[in-house]
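Below, each chain spelled out in residue letters.
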Amino acid sequence: RIVYLNGSYVPETEATVSIFDRGFVMGDAVYEVTTVLGGRLIDFDGHMTRLKRSLGELRMAMPLAEAEILAAHRRLVEENGITDGMIYLQISRGNAGDRDFVFPPADTPATVVMYGWDKPGLADNPAAREGLRIITMPDLRWARRDIKTVQLLYPSLAKMEAKAQGKDDAWFVEEGTVTEGTSNNAYIVAGGRIITRPTSHDILHGITRASLLRYAREAQITIEERPFTVDEAQQADEAFITSASQFVMPVVEIDGVPVGAGRPGPVTQRLREIYLEESRKAAI
Ligand code: PLP
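Note that the structure is predicted; figures quoted are calculated from it, not measured.

1. Concerning the site of the ligand
Around the ligand, a shell composed of Glu180, Ser183, Asn184, Asn185, Leu204, Gly206, Ile207, Thr208, Arg209, Thr242, Ser243 and Ala244 is seen. Elements with a minimum of two residues in the shell around the ligand: helix H6 (207-218) and strand S13 (238-243). The biggest single contributor to the shell around the ligand is H6, with 3 residues. Each residue belonging to the shell around the ligand can be placed in one class, and the counts come to 3 nonpolar, 7 polar and 2 charged.

Below you can see the structure in the form of structure tokens.
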């Protein structure tokens, strides 16, 4: 596979980064994951807007122009023959020399990495017909989940706990309400309305979330942006998650309790179809 490292396209075995890199030593890096469908990029502009915001919140400069990032994404898609798959982008504060909590000088070059992978049949994932079974766990992440950093240890532990219990994923709960999933935003459907937590520092501002809510409003579906409890989710008609790689994915069980009929519901299925259709149309 050909990957991108700091302006060069190289075989992955040649793409190496310093042991002094702040991303490695301090988790001082941000990332984005963009979906490729039919060789085109889904919601690319949204991912770039969030990338700039994440960098800004961590006082990092955008190391290359958005047009260059777009060109690199397209080149990785082409050179690696990706039809359906993902492109990962990570930007760290770079090689800071000996370990220090203080940031290196602002002119220290960032480390920019991009690579892609194939996921054939991504939009036709059989999990969308089955639905996910999830557990809930306390949200023990840091309080700036709106910044998309590579500090993913707790979500990783949560996913492992879900798997250990024979389930698919976990939702996080804080002060009695659901924040979001390990790597996705959380929703319930009640009385035909979509209920989802409003954006704040508590959750990642999902790009799929933003696009889906826009498409749902255009389709005259009512959206209530407010926190909801686990109990409310278990009593809801339907539940689902969104993320770049899963689009809209039904949740059919929460902590062993079936949601609605225990099968993917009609609103979720319709939202999945709307999202896939509209985001493909808007893909670049
Ligand atoms: N919430 C968290 C914690 C995530 O890690 C992600 C994606 O990685 C999402 C939500 C969904 O965001 P997006 O729709 O931009 O993929």
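2. Observations regarding the packing of H6 against helix H8 (residues 266-282)
In contact at an axis separation of 10 Å, H6 and H8 are set at 105° when each is read in the N-to-C sense. Taken together, H6 and H8 sit at an angle that is classed as roughly perpendicular. For the pair H6 and H8, the contacting residues are Ser211, Leu212, Tyr215 and Ala216 in the first and Leu271, Ile274, Tyr275, Glu278 and Ser279 in the second. Along the lines of polarity and charge, the residues of the contact of H6 with H8 split into 6 nonpolar, 2 polar and 1 charged.

3. A closer look at the pairing of strand S5 (residues 85-92)
Here 8 bridges tie strand S3 (residues 29-37) to S5, and the two strands are oriented antiparallel to one another. Bridge assignment links Thr34 to a residue of S5, and that residue is Ile87. Sheet topology places S5 next to strand S6 (residues 111-118); 8 bridges connect them, and they run antiparallel. From the neighbouring strand, Leu89 faces S6, where its bridge partner is Met114.

4. A word on the sheet that holds strand S2 (residues 8-11)
If you walk across this open sheet you meet the 6 strands as S2-S1-S6-S5-S3-S4, and the pairing is antiparallel. Of all strands in the sheet, those with a lone pairing partner are S2 and strand S4 (40-41), marking the two edges. As defined by bridge partners, S3 adjoins S4 across 2 bridges and the pair is classed as antiparallel. The residue bridging Val36 from the neighbouring strand is Leu41, located in S4. Together, S3, S4 and S5 form the strand contacts of helix H2 (residues 44-57), whose direction differs from that of S3 by roughly 180°.

5. Looking at H8
For H8, spanning 17 residues, the distance from its first C-alpha to its last is 24 Å, which sits close to the expected 24 Å at 1.5 Å a residue. Taken as a whole, H8 has its buried residues at Val267, Thr268, Leu271, Arg272, Tyr275 and Ser279. Seen end-on, H8 carries its buried residues on one side only, within an arc spanning 135°. The exposed set on the far side of H8, more than 90 degrees from its buried face, consists of Glu273, Glu277 and Lys281. Considering only its buried residues, H8 is in contact with helix H4 (127-130), strand S10 (185-190), H6, S13 and strand S14 (247-254).

6. Overview of the environment of Thr222
Assignment of secondary structure puts Thr222 in the loop between H6 and strand S12 (223-225). Each C-alpha atom of the pair Thr222 and Arg193 lies 5.0 Å from the other, and the pair is 29 residues apart in sequence.

7. Here's the deal with the pairing of S2
Alignment of strand S1 (residues 2-5) against S2, held across 4 bridges, turns out to be antiparallel. Bridging from a neighbouring strand, Ile2 pairs with Pro11 of S2.

8. Here we look at the domain arrangement of the protein
What the domain assignment reports for the protein is domain 1 (2-121) and domain 2 (127-282). Placing a centre on the C-alpha atoms of domain 1 and another on those of domain 2 gives a separation of 26 Å. Facing the 21 residues of domain 1 at the interface are 14 residues of domain 2. The leading source of residues in the side of domain 1 that touches domain 2 is S3, at 8 residues.

What counts and what doesn't
- Residues numbered from 1 in each chain as written.
- Predicted model: local features only at pLDDT ≥ 70, side-chain atom pairs only at ≥ 80, totals over all residues.
- Near = placed C-beta within 6 Å.
- Helix = DSSP H or I, 4+ residues; strand = E, 2+ residues; numbered from the N terminus.
- Nonpolar A, V, L, I, M, F, W, Y, C, P; charged D, E, K, R; others polar.
- Axes fitted to C-alpha atoms, helices over the stretch in contact; angles between N-to-C directions.
- Parallel < 35°, antiparallel > 145°, perpendicular 65-115°, else oblique.
- Contact = placed C-beta atoms within 7 Å.
- Pairing = 2+ DSSP bridges.
- Expected span 1.5 Å × (residues − 1).
- Buried ≥ 20, exposed ≤ 12 C-beta atoms within 10 Å, placed from the backbone.
- Arc of directions from axis to C-beta.
- Domains from an automatic or database assignment.

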